[in-house]
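Coordinates in review
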Amino acid sequence: MNIAYIAGIAVLLWISANVYRRRKRRNKVVCVVESNCTGCRQCVKRCSRHVLEMEKDETGSHVVVKYPGKCTACGHCLEKCKFNALNLIERI
Ligand code: SF4
Ligand code: SF4
């Protein structure tokens, strides 16, 4: 076995793992635990795909998942939320 052969196999494995990871992510979508949301907007600012928006009602401001179809389940908004108000769930 030469080095090029081993490198080729390594690249193929890496590509397959990435494809698998992306497919798995596409099956998930972000959801908001409204009772935990303080309306701090950190997640809205962090989402580059503009999936999340603020809404106001009689209980105050909180985040809603406005465009779930655009969510890639990257998890960046979850990293920003200090209040455990976001989860990734399986798409229905
Ligand atoms: S970061 Fe968390 S607490 Fe802040 S607005 Fe988003 S979901 Fe609500
Ligand atoms: S998981 Fe990613 S794409 Fe989905 S709302 Fe959060 S930051 Fe946006």
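About the cut-offs
- Residues numbered from 1 in each chain as written.
- Chains lettered and ligands numbered in written order.
- Predicted model: local features only at pLDDT ≥ 70, side-chain atom pairs only at ≥ 80, totals over all residues.
- Heavy atoms only, no water.
- Near = heavy atom within 4 Å.
- Nonpolar A, V, L, I, M, F, W, Y, C, P; charged D, E, K, R; others polar.
- Phe/Tyr/Trp six-rings, centres within 6.5 Å; stacked < 30°, edge-to-face > 60°.
- Lys NZ or Arg CZ within 6 Å of the ring centre and 35° of its normal.
- Helix = DSSP H or I, 4+ residues; strand = E, 2+ residues; numbered from the N terminus.
- Polar contact = N/O pair within 3.5 Å; in protein donor to acceptor, adjacent residues only side chain to side chain.
- Contact = heavy atoms within 4.5 Å.
- Pairing = 2+ DSSP bridges.
- Salt bridge = Lys/Arg side-chain N within 4 Å of Asp/Glu carboxyl O.
- Buried < 20%, exposed > 50% of the residue type's maximum accessible area, 1.4 Å probe, protein only.
- pLDDT = per-residue confidence, 0-100.

The environment of ligand 2 is made up of V30, C47, V51, L52, C71, T72, A73, C74, G75 and C77. Residues that form the shell around ligand 2 fall into these classes: eight nonpolar, two polar and no charged.

What follows covers the packing of aromatic side chains. In this structure the tally under the stated criterion is zero aromatic pairs. In this structure, K70 packs its charged tip against the face of Y67, placed 5.0 Å from the ring centre.

Okay, the site of ligand 1 next. Inspection of the region around ligand 1 gives C37, T38, G39, C40, R41, Q42, C43, V63, C81, F83, A85 and L86 as its neighbouring residues. Class assignment of the residues belonging to the shell around ligand 1 gives a composition of eight nonpolar, three polar and one charged.

Further remarks concern the side chain of H62. Its location among the elements puts H62 in strand β3 (residues 60-65). Of note is the side chain of H62, whose polar atom sits 2.9 Å from the side chain of D57. If we skip the residues at most four places from it in the chain, H62 touches E34, C37, E53, M54, E55 and D57.

Further remarks concern the pairing of strand β2 (residues 52-57). Summarising the sheet, β2 and β3 pair through six bridges and their orientation is antiparallel. In the strand pairing of β3, E53 is matched with V64.

Let us look at the pattern of salt bridges. Between side chains of opposite charge, pairing is possible as soon as their charged atoms come close. Applying the stated criterion to the full structure yields two salt bridges. The closest approach of N and O atoms between E55 and K66, which form a salt bridge, is 3.8 Å. In this pair, E55 sits in strand β2 while K66 sits in the loop between β3 and α3 (76-80), placing the two residues eleven residues apart along the sequence. Since its relative accessible area comes to 35%, E55 is described here as partly exposed.

Across the chain, pLDDT averages 91, with 97% of residues at or above 70. Across the chain, helix α2 (residues 42-46) holds the top mean pLDDT of 98, while helix α1 (residues 3-26) sits lowest at 83.

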